[in-house]
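Close look at the chain arrangement
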Amino acid sequence: MTVLNIAADARRTMDTLQAGEIAIFPVDVGYTVAGGSQAALQKIFDTKGRAATKLNAMVGDMAIHRSLHVLDGRAREMVAAITEDYDLPLGVIAPFVQDHPLVQRLDPASLVGSSRDGTIAMLVNAGPFHAALCRLSLAESFPVFGSSANLTNTGTKFRVEDIPVEIKSIAGSIVDYGLRKYHRYQRSATLINFQTLQVVRVGSCYELIADVLRRHFQVELPPAD
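The present account deals with the structure reproduced in this document. Counting of residues starts from 1 at the beginning of each chain's written sequence and follows it residue by residue. Local features in this predicted model are restricted to residues whose pLDDT is 70 or higher, and side-chain atom pairs enter the listing and the counts only when it is 80 or higher, whereas totals over whole chains, interfaces and linings include all residues. Derived side-chain values reflect all non-hydrogen atoms in the structure, with water molecules and hydrogen atoms excluded from consideration.

1. Focus: helix α7 (residues 128–139)
Put simply, the rule reads: Only DSSP runs of H or I reaching four residues or more are called helices, and only runs of E reaching two or more are called strands; each is numbered from the N terminus. Between the first and last residue of a helix there are one fewer steps than residues, each counted as 1.5 Å, and that sum is the expected span. The classification of residues rests on relative accessible area computed with a 1.4 Å probe and restricted to protein chains. Under 20% of the type maximum is buried, over 50% is exposed, and intermediate values are partly exposed. In this description, contact between two residues means that some pair of their heavy atoms is separated by no more than 4.5 Å.
Look at α7: 17 Å from first C-alpha to last across 12 residues, which is about the 16 Å you get at 1.5 Å a residue. When we look at burial in α7, the residues that qualify are Phe 129, His 130, Ala 132, Leu 133, Cys 134, Leu 136 and Ser 137. Where α7 is buried, its residues contact α1 (6–18), β1 (22–27), β3 (57–59), α3 (62–68), α5 (101–104) and β5 (119–124). Where α7 terminates, the next one or two residues include Ser 141, which has phi positive at roughly 45°.

Listed below in structure tokens is the structure:
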């Protein structure tokens, strides 16, 4: 017997997002607050007190990454090694295919708020719920973008009960899977621009990701801060 019904919870979350509402759901690196429309994303920004310069990240799996991101073969091997061979969560920043079906579903304002200099950030390999939601996103050509379920500069939340009431109050659905896997880091996902190999954010599993890149690709990431 299982205690989680991931397929049903992912379906409920997608239905919420497709209805233009906001959803809170678990990923391995914390809880995410997400939307699938400009109105929902703007409401998230306003409620969080988030600066306009900060971007949303796309909820994506390796299938979405491979079809949407534009990278050379070596960079693709790096992403695959980290997320598939070593099963680590990763925020991938890379140029994107402008006419990809998921991009085409975005209105211009959502695209502006979710991309920078022709790149999109995507959280990849962030747990079973995340994977189930990604499959629905791709199958139904419905893009999902989000950020940590917190108020700006207050830290990632790893339990639903720690999410500020202001954030929970705007959500049409909340999926509570308890304490998240990488809570000991107290950080969201590590973000790397794989076109330039710039570390945009040191996050969960950074030392493990750095080790993979050092040993297999002779890439030296900067020390963690």
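2. Describing the sheet that holds β1
Convention followed: If DSSP finds at least two bridges between two strands, the strands pair. Throughout, an axis means a line fitted to C-alpha atoms (over the contacting stretch in the case of helices), and angles, computed between N-to-C directions, take values from 0 to 180 degrees.
The 9 strands are arranged β7-β1-β2-β6-β3-β5-β4-β8-β9 in an open sheet whose pairing can be described as mixed. Only two strands of the sheet have a single neighbouring strand rather than two, namely β7 (171–174) and β9 (198–201). Ignoring strand direction, the axes of neighbouring strands in this sheet form an average angle of 35°.

3. Some points on unusual backbone geometry
The phi torsion at Asp 87 lies on the positive side, around 55°, for a residue other than glycine. By secondary structure assignment, the location of Asp 87 is in the loop between α4 (73–85) and β4 (90–95). With relative accessibility at 44%, the residue Asp 87 sits in the partly exposed group. The phi angle at Gln 186 is positive, at roughly 55°, despite the residue not being glycine. Structurally, Gln 186 is set in the loop between β7 and β8 (191–193).

Read these as layout, nothing more, since geometry by itself doesn't imply function.
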